[in-house]
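# Coordinates in review
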Amino acid sequence: MIGNPVVVKELVSVLRSRGAAVLAGLFVGALSVLAFGMWPEAGINPAGAMYSRLFFTVLLVAQMVMLALFSPPFSATSITYERETNTWEMLYYSRLRADEILVGKLAGAAAFLLVLVALSLPVGGVCFLLGGVSVREMFLAYLVLVAAGVTFGLLGLAWSALMKSSFSALIATYISLLVLCGAVHMPMLLLPGWRGGQGLMHSLRCLSPFTALVAITKDEFRRSPGGSEGAVARYFLYTLVLVAVLSAIVLWRIMMRPKPRVARRDRVIDETTPLL
């Protein structure tokens, strides 16, 4: 993977960009302000386990929201920008296979999100000072964040492979993220009394990473009727299937070689022909 030139190019171009530095600063700054604002005024000792878990949940949800917002500008323009700058065809004249191009583009799309997750570790570790959060819960929560970052990156990459312009890929990615993270909860919220559809609605909302995060931190959410018992395991299973489908879509589009462009022939003007 390190020897893949596409990986090196994507990592260097993304991590060295000014936009990535600005977004990383906003990400860490927003989490720090949120943690400072929610920090108990009485100190660490008076804070109970319930407040500590609430503190942890709010930080995780805020991280997931910002990951969803910051992902499309890097992932959804990865391939369309190559097409718009007429450099996409150059990859097909190299000796890189389609899977190597996919890995390189995915590395660029997901690397920035994984860096954001790593930058949030010190803020998340503050929850240990308040107590009430176990190492297992912290590990599972950050595993969900990593899985969501990879999924968000692949989702934007898939739309970038399918669309012709960066703008349309951005819009499609944001709409897809809105459906994946939010709209899957609507049936359960609108039809809470539909007993016959509890299993289907519960399975549907397990597609969202927010369901997995809340299931990790909220015991009463796991034990509620029709709640999220096993929601974390279902989320990882659904994410694995979604990653496989999105990877297949990107590979399919990469394997479709672009049609060679026909050079426009300029009209040759005969010097003997008078110009009007």
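Residues numbered from 1 in each chain as written. Predicted model: local features only at pLDDT ≥ 70, side-chain atom pairs only at ≥ 80, totals over all residues. Heavy atoms only, no water.

## Section: the overall build of the chain
Spelled out, the test is: Under the DSSP-based scheme used, a helix requires at least four consecutive residues in state H or I and a strand at least two consecutive residues in state E, with every element numbered from the N terminus. Relative accessibility under 20% of the residue-type maximum defines a buried residue, over 50% an exposed one, and the middle range a partly exposed one, all with a 1.4 Å probe and only protein chains included. Throughout, a residue-residue contact means that at least one pair of heavy atoms, one from each residue, lies within 4.5 Å. Using the Shrake-Rupley algorithm and a 1.4 Å probe, accessible areas are obtained, with residue cover drawn only from the displayed protein chains.
Within the chain one finds 16 helices and 0 strands. Taken across its 276 residues, the chain has 43% of its residues classed as buried. A sequence separation of at least 24 residues applies to 78% of the contacts in the chain between residues at least 6 apart. In the form shown here, the chain has an accessible surface area of approximately 15,400 Å², with 70% of it arising from carbon and sulfur atoms.

## Considerations on the confidence of the model for the chain
Any segment with low pLDDT has predicted coordinates that should not be analysed in fine detail. Which entries qualify depends on this criterion: pLDDT expresses, on a scale from 0 to 100, how confident the predictor is about each individual residue.
Taken residue by residue, the chain gives an average pLDDT of 79. The fraction at 70 or more is 84%. Low pLDDT (under 50) marks residues 224–228, which in the prediction has 13 contacts with non-local residues, meaning those over four places away or in another chain.

## Some points on the environment of Ala 248
If you trace the backbone, Ala 248 turns up in helix H16 (residues 231–255). Looking at Ala 248, the relative accessible area reads 42%, which means it is partly exposed. For Ala 248 and Leu 102, which are 146 residues apart along the polypeptide, the C-alpha to C-alpha distance reads 9.9 Å.

## Some remarks on helix H7 (residues 98–119)
To be explicit about the condition: Expected helix span is taken as 1.5 Å per residue step, with the number of steps being one fewer than the number of residues. Take the seven residues that end at a residue and the seven that start at it, fit an axis to each, and the angle between those axes is the bend at that residue.
With 22 residues, H7 should cover 32 Å at 1.5 Å per step; its first-to-last C-alpha distance of 32 Å lies within 8% of that length. If you look at H7, its biggest bend is around 35°, right at Ala 110.

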